[in-house]
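Descriptive analysis of the structure
The chain contents come next:
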Amino acid sequence: MTVSIDTQGRVAIVTIDNPPVNASSQAVRAGLLEAVTKTEDDPDVDAVVLACAGRTFVAGADVREFDLPLMEPHLPDVIAAIEAASKPWVAAIHGTALGGGLELAMGCHFRIADPMARMGLPEVNLGLVPGAGGTVRLPRLVEAELALTMIAGGKPILANVALTAGLIDAIATSDLLDEAVALAVEHAAPRRTLENAVVGASDAEAFDKTATGLRRKVRGQESIAAAIDAVGRGVRLPADEALAAERAAFLALKSSDQARALRHIFFAERATLADPRAKLTPRPLQRIGVIGGGTMGVGIVSAFLMRGFEVTLIERDEASLHAGADRVHATLDSSAKRGLLPDLDAVSARFDTAIDYAALSDADLVIEAVFEDMEVKKQVFARLDQVTKPDAILATNTSYLDVNAIAAVLSDPSRAVGLHFFSPAHVMKLLEIVLPGAVAEDVVATAAKLSKSLGKIGVLSGVCDGFIGNRIMSAYRAEADRLLIDGASPDQVDSAMRAYGFPIGVFEMQDLAGLDIAWAMRKRRLAEGKISGGYIRIADRLCEIGRFGRKTGAGWYDHVDGTALPSEVVMSIIAEERQTMEAVGKAFATEDVMPRILGAMTREAEAVLAEGIARSAEDIDVVMVNGYSFPRWKGGPMFAARSAGG
Ligand code: NAD
């Protein structure tokens, strides 16, 4: 039975059991409606507890039903029936109550949660707004401003925050179900959320200010704008009118292109590791070594520590070691301040540092994040070959270099793999798992499991210059340079990318990250003969005069007091290079920019796919959305191109 009813004394316990996440599928909705009738009709029942079996409360709608016609009973009707019941209903929340799950809980008359529970309305992330009363009930339980932030931001809140805000009535201190039953016994009458006044309704000015702030972050994602509007109606209109308008907005968005694109990426992210090797038994991982405590090493160490691993950081000298360790502690401290690390001391106790590689003798996995230089990486791997256990996995975080060549210095190359983290590594979700030719199958399985243990999305990639993401990025960066030669300005390219939905354009991005690293890479490629005809020298010339980006106050733009201004120097270098290349440099319309950037992206992506570097077009979309800020609501470059092409 998807929904079952037991009794404890005079309290009925209605349990949803719909693995894996108790999604509010048709069977669940029908079962709940029946449970309302049964409990209302049962003279031996005074109150009802709504609970879920398995690892979570209702974690949302059944996304597989989204592309089907709506099936009765609809969730708003089920929730209305619960809210209208004459006997009090208590929601007992564990795991996550998300979307329809939280709406269901808000339709109940009382709510109690496990201390680790999280609650939210993340519909915007699937291109929707809540469709079962979320925008109307939430601001009747918590401050309207918080409701707005939760619904437009789509991020869940923790149980303690929910309690303070008024979303739940209690946090269970021992057994959730027993305490929910006690709460049900305590309350003789229902207490209906819709009968509450809006919380903080008098402060309309603060609400409008928050709404205006959020609107600035919308960047073309329709669902966020629609969510702000819906909460606005939920706060201002009579509840029944707001509910009807919310449902209409939900239904309109459900069949929108953006919702389809967001569903595509949602499923694509869950399918990246559907590889037979990922199902094999992984090697055990507990002790991790990280070589190099620079930008990446610090993030990688922090990511592992935050997820319960023991980590030893190795640097080349005491000064670098101290600097790296200090930055690890600073990263952990700031996470702890934001409530993300309950026990900072325990986390720090798992962290160790050393200069001598002998400290890695019992490591299960070592990741090198030293300079992007083949000789240095080979030396590091050769040392690791001598000091580590024979079955320890040795990984490189290289951005572009040949992982096969790095693996070849090992006596057993089958234990080498690329683990390409993104910066900052403790925040960014993407992990490219780069598979050299000789890689052992259980090393693939271990890397796949590791990506999950770190809370990341692992994507398998073959070996090539730049793997999936950096290779595609190099191609569209080169196209951006060609656009300059053809007449566009850096500002025009960046504005067009922002208008498309990128948070930042390619030239602004280079100024942020620093132009020097890519310069070094181009010099290497030139030396290796990998760059030939049509090479555009603009970026090299900027580097030659020390314009490395924000850190030097100048790059593609002049950076004055935190503002990026178009630069005369850059424009004149562009003009000179146009002349050298005998280009005409015609006037460029901003609408001509994106088709060329996207064209370059998809051409390279098709090549990456054809060569078997990426397993699927979906994997490419996941990489570009999660590592390169491709607008999620466009589904990734492959989805966007294929949708546009019909
Ligand atoms: P970085 O220059 O900030 O840090 C490199 C660190 O390695 C330095 O602290 C240096 O002291 C240390 N080091 C150098 N040789 C060493 C050795 N033999 N033994 C021990 N320590 C040594 O560089 P980074 O940006 O952290 O990049 C590191 C690697 O990660 C590179 O391969 C880079 O391509 C890759 N990567 C960088 C990014 C990024 O955004 N910065 C993203 C993904 C991957």
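These numbers were taken from a predicted model, which means no experiment stands behind them.

**Here we look at the pairing of strand S6 (residues 110–113)**
Taking every second residue as pointing to the same face, both faces of S6 are buried, with Phe-110 and Ile-112 on one and Arg-111 and Ala-113 on the other. Inspection of the sheet shows S6 paired to strand S9 (residues 170–171) by two bridges, in the parallel sense. Bridging from a neighbouring strand, Ile-112 pairs with Ala-170 of S9.

**Some words on the UniProt feature "domain: 3-hydroxyacyl-CoA dehydrogenase NAD binding" (unreviewed entry) in the chain**
Taking the numbering used here, the UniProt-annotated feature "domain: 3-hydroxyacyl-CoA dehydrogenase NAD binding" (unreviewed entry) corresponds to residues 288–460. Regarding residues 288–460, the helix share stands at 40% and the strand share at 21%, and the terminal C-alpha atoms are separated by 21 Å.

**A closer look at the site of the ligand**
The immediate surroundings of the ligand are formed by 23 residues, with Gly-292, Gly-294, Met-296, Ser-399 and Ser-423 found nearest. Within the residue set of the shell around the ligand, elements represented by two or more residues are helix H12 (295–306) and helix H15 (374–387). For the shell around the ligand, the element with the highest residue contribution is H12, accounting for three residues. Its residues assigned to classes, the shell around the ligand shows ten nonpolar, ten polar and three charged.

**So, the sheet that holds strand S11 (residues 310–314)**
Read across the open sheet, the eight strands follow the order S12-S11-S10-S13-S14-S15-S16-S17; overall the sheet is mixed. With one partner strand each, in any of the chains shown, strand S12 (351–354) and strand S17 (457–461) form the two edges of the open sheet. Averaged over all neighbouring strand pairs, the angle between strand axes comes to 25 degrees, with direction disregarded. Relative to strand S15 (residues 416–421), strand S14 (residues 393–396) is paired through three bridges, and the arrangement is parallel. Residue pairing across strands places Ala-395 opposite Val-417, the latter belonging to S15. The sheet contacts of H12 involve strand S10 (287–291), S11, S12, strand S13 (365–368) and S15, and relative to S11 the element is tilted by about 165 degrees.

**Brief notes about the UniProt feature "domain: 3-hydroxyacyl-CoA dehydrogenase C-terminal" (unreviewed entry) in the chain**
Following the UniProt record, one finds the feature "domain: 3-hydroxyacyl-CoA dehydrogenase C-terminal" (unreviewed entry) at residues 466–558. Measuring from the first to the last C-alpha atom of residues 466–558 gives 29 Å, for a span that is 59% helix and 2% strand.

**Examining the packing of H12 against helix H13 (residues 318–337)**
Two elements in contact, H12 and H13, have axes whose closest approach is 9 Å; the angle formed by their N-to-C orientations is 50 degrees. Classified by the angle their axes make, H12 and H13 are oblique. The way H12 lies across H13 gives a crossing that is right-handed. The segment H12 lies against H13, with Gly-297, Val-298, Val-301, Ser-302, Leu-305 and Met-306 engaging Gly-324, Arg-327, Val-328, Thr-331, Leu-332 and Ser-335. Its residues assigned to classes, the contact of H12 with H13 comprises six nonpolar, five polar and one charged.

**Description of the sheet that holds strand S5 (residues 96–98)**
Spatially, three strands are ordered S5-S7-S8 in an open sheet, and the strand pairing comes out mixed. The open sheet has two edge strands, S5 and strand S8 (157–158), and neither has a second partner. By the bridge criterion, three bridges tie S5 to strand S7 (residues 118–120) in an arrangement that is parallel. Among the inter-strand pairings, Thr-96 is bridged to a residue of S7, identified as Arg-118.

**Considerations on the domain arrangement of the chain**
Domain annotation for the chain reports domain 1 (3–255), domain 2 (276–463) and domain 3 (468–612). The centre of domain 1, based on its C-alpha atoms, is set 41 Å off from the matching centre of domain 2.

**With respect to unusual backbone geometry**
Note that the residue after Pro-19, namely Pro-20, is joined by a cis bond; omega there is 5 degrees. Relative to the helices and strands, Pro-20 is located in the loop between strand S2 (11–16) and helix H1 (26–41). Phi is positive for Arg-219, close to 50 degrees, though the residue is something other than glycine. Position of Arg-219 among the secondary structure elements: in the loop between helix H8 (204–216) and helix H9 (222–236). Of note, Asp-561 is a non-glycine position whose phi angle comes to about 50 degrees, a positive value. With respect to the element layout, Asp-561 can be found in the loop between strand S18 (557–560) and strand S19 (563–566).

**With respect to the environment of Arg-316**
Residue placement: Arg-316 occurs in the loop between S11 and H13. A count of 15 C-beta atoms within 10 Å places Arg-316 in the partly exposed class. Along the chain, Arg-316 and Val-370 lie 54 residues apart, while their C-alpha atoms are 9.5 Å from each other.

**Focus on the confidence of the model for the chain**
The share of residues in the chain with pLDDT of 70 or more is 100%, and the mean pLDDT across the chain is 95. Overall fold confidence for the complex sits at a pTM of 0.91, while the interface term, ipTM, reaches 0.98.

**Brief notes about the nonpolar core**
Counting 192 residues, the largest nonpolar core has Val-49, Val-90 and Val-417 as its most contacted members. Excluding residues that lie within four positions of it along the chain, Val-417 makes contacts with Ile-393, Ala-395, Ile-433, Val-434, Leu-435, Pro-436, Val-439, Val-443 and Ala-447.

**With respect to helix H2 (residues 75–84)**
By the burial criterion, the buried members of H2 are Leu-75, Val-78, Ile-79, Ile-82 and Glu-83. The buried residues of H2 occupy one face: seen down the axis, they fall within an arc of 135 degrees. Contacts made by the buried residues of H2 are with H1, strand S4 (89–93) and helix H3 (100–107).

**Notes on the pairing of S11**
Burial within S11 is extensive, with four of its five residues counted as buried. Where S10 and S11 come together, five bridges link them in parallel fashion. Bridge pairing links Val-290 to Leu-313 in S11. Handedness of the β-α-β unit built from S10, H12 and S11 comes out right-handed. As defined by bridge partners, S11 adjoins S12 across four bridges and the pair is classed as parallel. In the strand pairing of S12, Leu-313 is matched with Thr-353.

**Here we look at the environment of Gly-299**
As for its placement among the helices and strands, Gly-299 is situated in helix H12. Judged by C-beta crowding, with 24 C-beta atoms within 10 Å, Gly-299 ranks as buried. Separated by 32 residues in sequence, Gly-299 and Thr-331 have C-alpha atoms that sit 8.0 Å apart. Once you skip the residues sitting within four places of it in the chain, Gly-299 turns out to touch Phe-421, Ser-423, Pro-424, Ala-425 and His-426.

**Here we look at the environment of Leu-305**
Within the secondary structure, Leu-305 is located in helix H12. The class for Leu-305 is buried, based on 25 C-beta atoms found within 10 Å. If near-sequence neighbours (up to four positions away) are discounted, Leu-305 is found in contact with Val-311, Leu-332, Val-347, Arg-350 and Phe-351.

**Some remarks on the packing of helix H25 (residues 617–627) against helix H26 (residues 637–644)**
Across the interface, H25 lies against H26 with an axial gap of 7 Å and an inter-helix angle of 120 degrees. Between H25 and H26, the interaxial angle falls into the category oblique. Contacts between H25 and H26 pair Ala-617, Ile-620, Asp-621 and Met-624 from the former with Pro-637, Met-638 and Phe-639 from the latter. Residues belonging to the contact of H25 with H26 are distributed by class as follows: six nonpolar, no polar and one charged.

Quick notes on the rules
- Residues numbered from 1 in each chain as written.
- Predicted model: local features only at pLDDT ≥ 70, side-chain atom pairs only at ≥ 80, totals over all residues.
- Buried ≥ 20, exposed ≤ 12 C-beta atoms within 10 Å, placed from the backbone.
- Helix = DSSP H or I, 4+ residues; strand = E, 2+ residues; numbered from the N terminus.
- Pairing = 2+ DSSP bridges.
- UniProt positions renumbered as here; feature names shortened; annotations may be inferred.
- Near = placed C-beta within 6 Å.
- Nonpolar A, V, L, I, M, F, W, Y, C, P; charged D, E, K, R; others polar.
- Axes fitted to C-alpha atoms, helices over the stretch in contact; angles between N-to-C directions.
- Contact = placed C-beta atoms within 7 Å.
- Parallel < 35°, antiparallel > 145°, perpendicular 65-115°, else oblique.
- Left-handed = near helix turned anticlockwise from the far one by under 90°.
- Domains from an automatic or database assignment.
- pLDDT = per-residue confidence, 0-100.
- Core = buried A, V, L, I, M, F, W, Y, C linked by C-beta atoms within 7 Å.
- Arc of directions from axis to C-beta.
- Right-handed = clockwise from strand over helix to strand, strands pointing away.

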